[in-house]
Amino acid sequence: MQIDDLILVSVDDHVVEPAGLFERHLPERWRDRGPRVVRAPNGADVWMWGDQRGANFGLNAVAGRPPEEYGMNPMSFGEMRDGCYEIDARVRDMNVNGVLGSMCFPSFPGFAGRMFHAGGQAGDDSALPVLQAYNDWHVDEWCGTHPGRFIPLAIPPVWDQDAMVAEVRRMAAKGCHAFTFSENPEKTGFPSLHNEWWDPFWAACADAGTIVCFHIGSSSEIPITSVESPVDVTLTLMPVNIVQVAADIIWSDFLRRYPGLKVCLSEGGIGWVPYFLERVDRTYHQQHRWTGQDFGGKLPSDVFREHIVTCFVQDRIGVELRHEVGLDTITWEVDYPHSDSTWPHSPEAFAEQLDGVPEDEVRMIGSENAMRHFRFDPFAHRPPERCTVGALRAEAAGVDTSTRSAGTPQPRPERPVRISDIAAMSGAAR
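Note that the structure is predicted; figures quoted are calculated from it, not measured. (Residues numbered from 1 in each chain as written. Predicted model: local features only at pLDDT ≥ 70, side-chain atom pairs only at ≥ 80, totals over all residues. Heavy atoms only, no water.)

(A) Structural view of the overall build of the protein chain. Regarding its fold elements, the protein chain presents 17 helices and 10 strands. Computed over its C-alpha atoms, the radius of gyration of the protein chain comes to 21 Å, within 12% of the 22 Å expected for a compact globule of 430 residues. Based on the C-alpha atoms only, the size of the protein chain along its principal axes is roughly 60 × 55 × 50 Å. Looking at the protein chain as a whole, 54% of its 430 residues qualify as buried. Across the protein chain, the fraction of contacts at a sequence separation of at least 24, relative to all contacts at a separation of at least 6, is 75%. As displayed, the protein chain has an accessible area near 18200 Å², and 49% of this comes from carbon and sulfur atoms. (Helix = DSSP H or I, 4+ residues; strand = E, 2+ residues; numbered from the N terminus. Rg over C-alpha atoms; globule rule 2.2 N^0.38 Å. Buried < 20%, exposed > 50% of the residue type's maximum accessible area, 1.4 Å probe, protein only. Contact = heavy atoms within 4.5 Å. Areas by Shrake-Rupley, 256 points an atom, 1.4 Å probe, with all protein chains shown as cover.)

(B) A look at the packing of helix α5 (residues 161-173) against helix α6 (residues 199-208). α6 packs onto α5 with a crossing angle of 15° between their chain directions and a minimal axis gap of 9 Å. The orientation of α5 relative to α6 falls into the category roughly parallel. Crossing of α5 against α6: the hand is right-handed. Residue-level contacts link Q161, M164, V165, V168 and A172 of α5 to P200, F201, A204, C205 and A208 of α6. Here the contact of α5 with α6 is built from residues that sort into nine nonpolar, one polar and no charged. (Axes fitted to C-alpha atoms, helices over the stretch in contact; angles between N-to-C directions. Parallel < 35°, antiparallel > 145°, perpendicular 65-115°, else oblique. Left-handed = near helix turned anticlockwise from the far one by under 90°. Nonpolar A, V, L, I, M, F, W, Y, C, P; charged D, E, K, R; others polar.)

(C) Representation of the packing of aromatic side chains within the structure. With the rule as written, the count across this model stands at 25 aromatic pairs. Cation over ring: R256 sits above F295, and NZ or CZ is 3.8 Å from the ring centre. (Phe/Tyr/Trp six-rings, centres within 6.5 Å; stacked < 30°, edge-to-face > 60°. Lys NZ or Arg CZ within 6 Å of the ring centre and 35° of its normal.)

(D) Structural view of helix α11 (residues 300-307). When we look at burial in α11, the residues that qualify are P300, S301, V303, F304 and H307. Relative to the axis of α11, the buried residues are bounded by an arc of 160° and lie together on one face. Turning to α11, the residues buried within the fold contact α8 (243-251), α9 (254-257), β8 (263-266), α10 (273-291) and β9 (308-312). (Arc of directions from axis to C-beta.)

(E) Examining unusual backbone geometry more closely. Here the amide bond leading from Y336 into P337 is cis, since omega sits at 0°, within 30 degrees of zero. Mapping P337 onto the fold places it in the loop between β10 (330-332) and α14 (346-353). Backbone torsion omega between W343 and P344 reads 0°, so that peptide bond is classified as cis. With respect to the helices and strands, P344 occurs in the loop between β10 and α14. At D335, a position not held by glycine, the phi torsion is positive, near 65°. With respect to the element layout, D335 can be found in the loop between β10 and α14.

Here's what the structure looks like:
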């Protein structure tokens, strides 16, 4: 494998939204009611929408900082690398990392847009214009400034069935064929994935060729075994916790009723998939006569591989079991600018993970699967020879990737940090 010859597409990165986005995209009638950035007494920049406070940047914006400064403490834009929130700088950071394409999940409203959903659920008539302004900014400005470099990803207005369908169609007309969605909407006050409330949305996505992405943590709940547990427990469980939505998706019947629909399990890894598929098939064989499940002559594992896209940052055991996972379902991610990211050495990390894998399979996992599943055609904008790791890095000559301190080192804790400590920090930040 020649690293410089690789073409790499990441299907899970994140954007820290720039402060002026609603001033540019929210209609004037609603502008004074739109989300805004305010400076907190502790110097942090905070997104506010009415009484709602946006998600803390914390570990979500640490690219380029030394690990000694990682933490959940709030921060300002000035403490971040500008590639977190500025589009030209982001493309430079992609180039220096040798990454051709990127799909970016939201930050301040939550990975699935929970802040906007709460407003719509509460009857705020500005919620839909605000959500649509966000989607317009994301598609037209964030993705549209550099055609062929980003896979656009929209947020659905989940509180209104008709609005959801209309937004799927509106975004498809703009070339956006991916939506982010909560892995457990019931946790945020909406019907569960087993409820037919979502049928119009599933049908619209299937008709438009739009993939639905379930990102870990998108229900705004994280796996916590105890408030006294070290935070390492939660960090370990975050990716594999996606097994819960995988089970909901498989045992609900909406994938069987909408055969054209595809979904993605974002940032969930792949090493757990072979056992999961073995388990769901055994459960079906053993139990379906009394549980009433019917896969129409197929196995649950067949439905998984036909409809569900997976992705990983680093998951060597999953790579070794790639054929049991389903080779053509696997995609790859960088997770920039989060603390779990491999930036700026992602191609090297990718090559290490796929050492010994045949070249055609490397291409599938590195870019071809993502391009097919997400309807992403970068070659319409630049020839393949300009899309390789080596070519992109050549365009980024001189870009500084050295770690730079923001001057806020975290003191070495006297004991492992606990969930209760994180909660206390979040309360103090408010």
